[in-house]
Amino acid sequence: MRKIALWEAKHPKTVLIAALLLLIPAFLGFFGTKVNYDILSYLPDDLESVQGEQVLDKTFNTAGISIVITENMQPKDTLALKNEILKVDGVSSVIWVDTIADIGIPADILPDTLRDIFYSSDGSQTMMLVRYDNTGSDDSQLKAIAQIKELLGKNRFMSGLSVVVDDTREIAQTQAPLYITVAVVLALIVMSALMESWFQPLIVLFSLGLAVLYNMGTNIFMGQISFITQCVAAVLQLGVTMDYSIFLIDRYAEEKPRFETREEAMAEAVANSFTALMGSSLTTVFGFLALCFMKLGLGFDIGFVMAKGVVFGILTVVFVLPSVVLIFEKQIIKYRHRNFVPNFEKLNRFSIKHKKAFALVFLLLLAPAYLIQKDIQMYYSMDKALPSYLTSMEGLSKLKNDFGMACTQFVIIDDTLPAEKLIEMEQKIQALDGVSSLLAYNSIVGSAIPDDILPDDILSLCKQDGKQLMMINSEYGAATDELTAQLNELDGIVKSYDPNAYITGEGAITQGLIDTTDRDFTVTAILSIAAIFILIAICFKSPSLPVILVLSIELAIWINLSITVLGGTVASFVDPTVVNCVQLGATVDYAILLTTRFREELRHLPRDEAMLKAVSAAQQSIFQSAGVFFAATFGVYLVCDIYIVRGMCALLARGAIISEIVIVLLLSPVLCVCEGFIAKTTTGWRLKKT
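Keep in mind it's a predicted model, so treat the numbers as computed, not measured. (Residues numbered from 1 in each chain as written. Predicted model: local features only at pLDDT ≥ 70, side-chain atom pairs only at ≥ 80, totals over all residues. Heavy atoms only, no water.)

## Re the overall build of the chain
Logical step 1: Per the secondary structure count, the chain includes 27 helices and 13 strands.
Logical step 2: Taking all 690 residues of the chain together, the buried fraction comes to 56%.
Logical step 3: Residue pairs at least 24 apart in sequence account for 80% of intrachain contacts in the chain once pairs closer than 6 positions are excluded.
Logical step 4: Accessible area of the chain: about 28200 Å², with a carbon and sulfur share of 59%.
Logical step 5: One way to put it: in the chain the 53 positive side-chain charges average out to a point 17 Å from where the 71 negative ones average out. (Helix = DSSP H or I, 4+ residues; strand = E, 2+ residues; numbered from the N terminus. Buried < 20%, exposed > 50% of the residue type's maximum accessible area, 1.4 Å probe, protein only. Contact = heavy atoms within 4.5 Å. Areas by Shrake-Rupley, 256 points an atom, 1.4 Å probe, with all protein chains shown as cover. Lys, Arg positive; Asp, Glu negative; His and termini not counted. Charge placed at Lys NZ, Arg CZ, Asp CG, Glu CD.)

Right under this line is the structure:
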């Protein structure tokens, strides 16, 4: 490694040019990577609701159906709007009351079934169903939705899962550059204050920016990434890999007095830092890789991209940053300033002097923090993940308040069932609490009318390939206890007539999401803790230190989530899982750094003095790393309108500060109190007894 580092140090311009040339394929890969804005598409295929959604797509072409609502419009104007929508490329059909009855018939004398489906309770609003040529969240469908939005003026609204996807795409594409800009600016401000040179942060950000671009460019090999990953990957990568750059630059400053040339000093710094950097980065990589074991595909998406980002961060720090530092060293020296990191020596002395009391506080916090965080409330529906001003959210509000359609389910059943059985089943479904309306073949045309005289739009909507489709509207919102009970009753009724039937739609899919993420949270928590526990045990050759260090970060995580509970905030369904893995993997480095320095100081100082010196030395690096992590994630929180991303970044920003406080203020006294036991259970912990 030293030979490679020495060559690199002697040819810094060559290395920099090569690094810049690699940006060409990185940019091509970045712009060639598709972004997926549909979270529900990451659900596992073995869920019945997902299988039902696939049947909707393949058989009925209805999975991506949209609903257009008009308010206080004359029937002829609504019909004109319908015809305009039909002209949009990608729209296959538009179903409105005129598909079944003459628009000259007043709404109040229409059959109850039609009036309940197509008109609001007061009759002032009507809705139409829009179907598309392509299925799901296809790009052509999103383009069609964008064109339909342009046709909608005042008193016209639109909703549906595909509209939600399109709104998510629009807001993410608009705001993502702002997220990055604010995160970088805030990180730059924090680094400028915490580092010893005004110019040094620019060097660090440039090098890590290369790593971010390499990472995002190689996502093209994954085929696509989620919009959540796109929004937070760069910010998280910047936050979790910042301390690697700081570590190398500080090591170079230590080596310079020992060598005749800058190049030799940098080579020595790289060689000596490489092993430590690799060991430190592994904890973060393992934390992210734990997300890959989620059944929800979103976990693999975030976990793999971020693990890859940490690897690119290490490679860039080792192979690019040294060259950039050597090229711009004069500027770094020229713009040096005094250190603005606060001096916590008095606080450190106080905590070490009263180490038993602080250790007791550590122990007393564990149980309540763990128990409180278990009560965290989570939301699963997208109407809570997006701002209310979006087209899809305004339309959803109309459906809930004026049509009694808080949630829509689809039932796919065997068309060979006798008509009387189907009518009997439909009557039982309509009698369920919370069911506001039901759209089915028999409810529209009755059982006596032959299929060959029905309009093609109605027939294709209700019957295809030996299957019959029913649309059931519920007054209950997705992910509510009431809807869960309703779905269980609905499942019992439907399966008693056709055991092979499917129930899908927003509510059923969201219920699958709840069940999947509950399992994922447990699995990823266990895997991330186990992996990092084993790594620490190997690095320190100790069975006791992993328990203490992992427990300290877990305490920080539990406190973080407990604050959410006590504050009455509802988190998104991905927050606890992502925060547990990311905060553990990214901030356990703080605990490892403190413990490593404590072990070094113990070899020539008494226990309390060793810890005081260790915590004073490690504190600056921890303060810098946590400060940058906080600034980057808090910046996204300030400007983000996608609440699922905003909430995640708020938790991570707070988690960085909490981890810092727990490590410095509580872990250091705990290590002091337990030092005797640690020495007995750790190979080579100290050379002499103190």
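## With respect to the pattern of salt bridges
Logical step 1: Inspection of the entire model under this criterion finds 24 salt bridges.
Logical step 2: Across the pair E424 and K428 runs a salt bridge whose closest N-O atoms are separated by 4.0 Å. Taken as a pair, E424 and K428 lie in helix α18 (residues 419-430) at a separation of four residues, close to a single helical turn.
Logical step 3: Here the residues in one salt-bridge network are K149, D166, D167, R169 and E170, joined through shared partners. (Salt bridge = Lys/Arg side-chain N within 4 Å of Asp/Glu carboxyl O.)

## Side note on the layout of surface pockets
Logical step 1: Estimates place the volume of the largest pocket at around 1500 Å³.
Logical step 2: Forming the boundary of the largest pocket are 49 residues, of which F247, D250, E254, L593 and S621 lie nearest the centre.
Logical step 3: When contributions to the lining of the largest pocket are tallied by element, the ones reaching two or more residues are α10 (227-255), α11 (262-289), α14 (329-334), α22 (506-540), α24 (575-602) and α25 (607-639).
Logical step 4: In terms of residue count, the dominant contributor to the lining of the largest pocket is α10 (ten residues).
Logical step 5: Of the residues belonging to the lining of the largest pocket, the class tally is 22 nonpolar, 14 polar and 13 charged. (1 Å grid on protein atoms, 1.4 Å probe; cavity = no way out; pocket = protein on both sides within 12 Å on 5 of 7 lines; lining within 4 Å. Points joined across faces, edges and corners; volume = space filled by probe spheres on them. Nonpolar A, V, L, I, M, F, W, Y, C, P; charged D, E, K, R; others polar.)

## Brief notes about the packing of helix α8 (residues 161-194) against α25
Logical step 1: Interhelical geometry of α8 versus α25 gives an angle of 150° and a closest axis separation of 8 Å. Relative to α25, α8 is oriented roughly antiparallel. In this structure, the crossing between α8 and α25 has a hand that is right-handed. Within the contact between the two elements, α8 uses Q175, L178, Y179, V182, A183, L186, A187, V190, M191 and L194 and α25 uses Q620, F623, Q624, G627, V628, A631, A632, G635, V636, L638 and V639.
Logical step 2: Class assignment of the residues belonging to the contact of α8 with α25 gives a composition of 16 nonpolar, five polar and no charged. (Axes fitted to C-alpha atoms, helices over the stretch in contact; angles between N-to-C directions. Parallel < 35°, antiparallel > 145°, perpendicular 65-115°, else oblique. Left-handed = near helix turned anticlockwise from the far one by under 90°.)

## A short note on a nonpolar patch on the surface
Logical step 1: Taken together, the side chains of M1, I4, V311, L315 and F319 present a nonpolar region at the surface, about 390 Å² in accessible area.
Logical step 2: In terms of residue count, the dominant contributor to the nonpolar patch is helix α12 (residues 297-319) (three residues).
Logical step 3: Position of F319 relative to the elements: it lies in helix α12.
Logical step 4: Here F319 falls in the partly exposed class, since its relative accessible area comes to 31%. (Patch = residues over 30% accessible without salt bridge, like charges linked within 9 Å, V, L, I, M, F, W, Y side chains within 5 Å.)

## Some thoughts on the sheet that holds strand β4 (residues 125-132)
Logical step 1: Spatial strand order, β3-β4-β2-β5: four strands in an open sheet with antiparallel pairing. Each edge of the open sheet carries a strand with a single partner, namely β3 (91-95) and β5 (156-159). Taken pair by pair, the neighbouring strands of this sheet meet at an average axis angle of 25°, ignoring direction.
Logical step 2: Pairing of β3 with β4, which is carried by four bridges, proceeds in the antiparallel orientation. Note that in β4 the partner of I95 across the bridge is L129.
Logical step 3: In the packing of helix α7 (residues 139-151) onto the sheet, the strands contacted are β2 (66-71), β3, β4 and β5, and the crossing angle to β4 comes to about 150°. (Pairing = 2+ DSSP bridges.)

## So, the pairing of strand β9 (residues 435-439)
Logical step 1: Counting buried positions along β9 gives four out of five residues, so the element sits mostly inside the fold.
Logical step 2: Taken together, the four bridges between β9 and strand β11 (residues 467-474) define a ladder with antiparallel strand orientation. Opposite L439, over in β11, you have M471 as the bridge partner.

## Side note on the packing of aromatic side chains
Logical step 1: As enumerated under the stated definition, the model contains 14 aromatic pairs in all.
Logical step 2: Considering the side-chain rings of F27 and F31, the 6.4 Å spacing of their centres and the 15° angle between planes classify their relative orientation as stacked. Taken as a pair, F27 and F31 lie in helix α3 (residues 23-32) at a separation of four residues, close to a single helical turn.
Logical step 3: Classification of F31 as exposed rests on a relative accessible area of 65%.
Logical step 4: Geometrically, the ring pair formed by Y370 and W558 is edge-to-face, given 5.1 Å between the ring centres and 65° between the ring planes. Taken as a pair, Y370 in helix α16 (residues 355-373) and W558 in helix α23 (residues 545-566) lie far apart in primary sequence, 188 residues in all.
Logical step 5: The class for Y370 is partly exposed, based on a relative accessible area of 35%. (Phe/Tyr/Trp six-rings, centres within 6.5 Å; stacked < 30°, edge-to-face > 60°.)

## Remarks on the environment of I333
Logical step 1: With respect to the helices and strands, the residue I333 is situated in helix α14.
Logical step 2: Residue classification places I333 among the partly exposed residues on the basis of a relative accessible area of 41%.
Logical step 3: Residues I333 and W198 lie 135 residues apart in sequence; the distance between their C-alpha atoms is 9.3 Å.

## With respect to α3
Logical step 1: Every buried residue of α3 is accounted for by L23, A26 and G29. Mapping the buried residues of α3 onto a view down its axis gives an arc of 125°, with all of them on the same face. With respect to the buried face of α3, the exposed residues turned more than 90 degrees away are I24, L28 and F31.
Logical step 2: Contacts from the buried residues of α3 go to α2 (12-21) and α9 (200-217). (Arc of directions from axis to C-beta.)

The analysis is restricted to geometry; functional conclusions fall outside its scope.
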